[in-house]
Each structure stands twice: as C-alpha cells, then as structure tokens.
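Chain residues, written in single-letter form:
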Amino acid sequence: MHEISLVRTIFRTLDENFSAEELKRVATIELKVGPLANIEPVLMQNAFGAVVEEEETRFRETTLKINMVPILVHCLACDKISEVAQYHFVCGVCGTPSANVVQGNELLIERVVLRD
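Rules behind the numbers
- Residues numbered from 1 in each chain as written.
- Predicted model: local features only at pLDDT ≥ 70, side-chain atom pairs only at ≥ 80, totals over all residues.
- Heavy atoms only, no water.
- Helix = DSSP H or I, 4+ residues; strand = E, 2+ residues; numbered from the N terminus.
- Rg over C-alpha atoms; globule rule 2.2 N^0.38 Å.
- Buried < 20%, exposed > 50% of the residue type's maximum accessible area, 1.4 Å probe, protein only.
- Contact = heavy atoms within 4.5 Å.
- Areas by Shrake-Rupley, 256 points an atom, 1.4 Å probe, with all protein chains shown as cover.
- Lys, Arg positive; Asp, Glu negative; His and termini not counted.
- Charge placed at Lys NZ, Arg CZ, Asp CG, Glu CD.
- Expected span 1.5 Å × (residues − 1).
- Arc of directions from axis to C-beta.
- Pairing = 2+ DSSP bridges.
- Axes fitted to C-alpha atoms, helices over the stretch in contact; angles between N-to-C directions.
- Phe/Tyr/Trp six-rings, centres within 6.5 Å; stacked < 30°, edge-to-face > 60°.
- Salt bridge = Lys/Arg side-chain N within 4 Å of Asp/Glu carboxyl O.

Undergrad: For this particular structure, what's the right way to read the overall build of the protein chain?
TA: When helices and strands are counted, the protein chain shows 3 helices and 6 strands. Mapped in sequence order, the helices and strands of the protein chain form the string α-α-β-α-β-β-β-β-β. Since a compact globule built from 116 residues should have a radius of gyration of about 13 Å, the 17 Å found for the protein chain marks it as more spread out than a globular shape. Counting over 116 residues, the protein chain shows a buried share of 34%. If you take every contact in the protein chain between residues at least 6 apart in sequence, the share linking residues at least 24 apart comes to 70%. With an accessible surface of roughly 7,000 Å², the protein chain has 50% of that area assigned to carbon and sulfur atoms. When the 11 positive and 17 negative side-chain charges of the protein chain are each reduced to one mean point, those points stand 3 Å apart.

Spelled out as structure tokens, the structure:
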C-alpha cells in the first residue's frame, strides 16, 4: 500500500519544516488531494493511523483531514475552466475534449494547525 510511504513522507516534511516545539503542538494536518493523485482517503486515514501507532507516536493526538478537490480542465476552444464529470475530459461549457488539467493531480500538505 503506497499510502504508508506517503504518510511517512508527510512526517519527514513536517520534521524538515517545523521546530521540535512546534511539532509537539500539531493538532491537525490537512491534505489537498485530487482524484488523479490515485489516493483513496480511507486507505490514507488507515495508513496514517498505523504509522502513528507504530512509528510516530508523538502524533497520537494529531488528526489527518483530507480535502478532496475536483478535476478541473481548461478549454483551449472557449478559454473556460470547467469541472470534469465522471472522468469525461470534455469542456462543461462548449463540449470540446480537453486534457488540459489545471486541478485534480494534487497531493499537498495544505495546512498544519498547531495547538495553542
């Protein structure tokens, strides 16, 4: 399950960007995830729980929040951005096929919330 390695990468990223004191105060980690990132939110939550339980016990009071974002494409024909429905990569405005994805590939740490 590649979600385990992704969770470990999240913790490494936190270690690289926050002080030890700040890491003790991490309450919530919010991820921004697009459908094209090939991440299953339930599996990601399970992997997070497993890594916290076995390896990163200092984050036992931390919550993982996954914010899913839709796939958006930019249409070169009408210069509009529209949401992709059911993986049909066509412009929602004019119906022209479009593979110009402007959102939906994300797997980002969007926000880290610290306790006071």
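Undergrad: Before we go on, may I ask you to explain helix α3 (residues 41-54) in this structure?
TA: Given 3.6 residues per turn, any residue in an α-helix points the same way as the ones three and four places further on. With 14 residues, α3 extends 20 Å between its outermost C-alpha atoms, agreeing within 8% with the 20 Å of an ideal straight helix rising 1.5 Å per residue. Three or more residues of α3 are buried, namely M44, A47, F48, V51 and V52. In a view along the axis of α3, the buried residues occupy a sector of 130 degrees, so they form one face of it. Among the exposed residues of α3, those oriented more than 90 degrees off its buried face are V42 and E54.

Undergrad: Help me understand the sheet that holds strand β5 (residues 101-103), please; the structure alone is not making it clear to me.
TA: Across a sheet, strands are paired by hydrogen bonds formed along the backbone, either parallel or antiparallel in direction. Spatial strand order, β4-β3-β5: 3 strands in an open sheet with antiparallel pairing. Pairing within the sheet leaves two strands with one partner each, and these edge strands are β4 (81-83) and β5. Across the sheet, the axes of successive neighbouring strands diverge by a mean angle of 35 degrees, strand direction being ignored. Relative to β5, strand β3 (residues 72-74) runs antiparallel, the two being bridged by 2 bridges. In the sheet register, L72 faces β5, and the bridge partner there is Q103.

Undergrad: Would you mind going over the packing of aromatic side chains with me for this structure?
TA: Two numbers describe a pair of aromatic rings. These are the distance of the centres and the angle of the planes. Using the criterion set out here, one finds 2 aromatic pairs in the structure. Seen in terms of ring centroids, F11 and F59 are 4.6 Å apart; in terms of plane orientation they differ by 25 degrees. Their pairing is stacked. Note that F11 is positioned in helix α1 (residues 2-17) and F59 in the loop between α3 and β2 (63-68), a separation of 48 residues in sequence. Comparing F11 with F59 shows no difference in burial state: the two are buried.

Undergrad: Quick question: what am I supposed to make of the pattern of salt bridges here?
TA: Throughout the structure, instances matching the rule amount to 5 salt bridges. Between R8 and E55 there is a salt bridge whose closest N-O contact spans 2.6 Å. Note that R8 is positioned in helix α1 and E55 in the loop between α3 and β2, a separation of 47 residues in sequence. In this structure, the salt-bridge partner of E30 is R111, at a minimum N-O distance of 3.2 Å.

Undergrad: What's the story with the sheet that holds strand β1 (residues 26-33) in this structure? I'm lost.
TA: Strand order in the open sheet made by the 3 strands is β2-β1-β6, with mixed pairing throughout. Whereas interior strands pair on both sides, the edge strands pair on one side only; in this sheet they are β2 and β6 (107-114). On average, each strand axis in the sheet is inclined to that of its neighbour by 20 degrees, with strand direction left out of account. Alignment of β1 against β2, held across 6 bridges, turns out to be parallel.

That is the geometry; function is a separate question.
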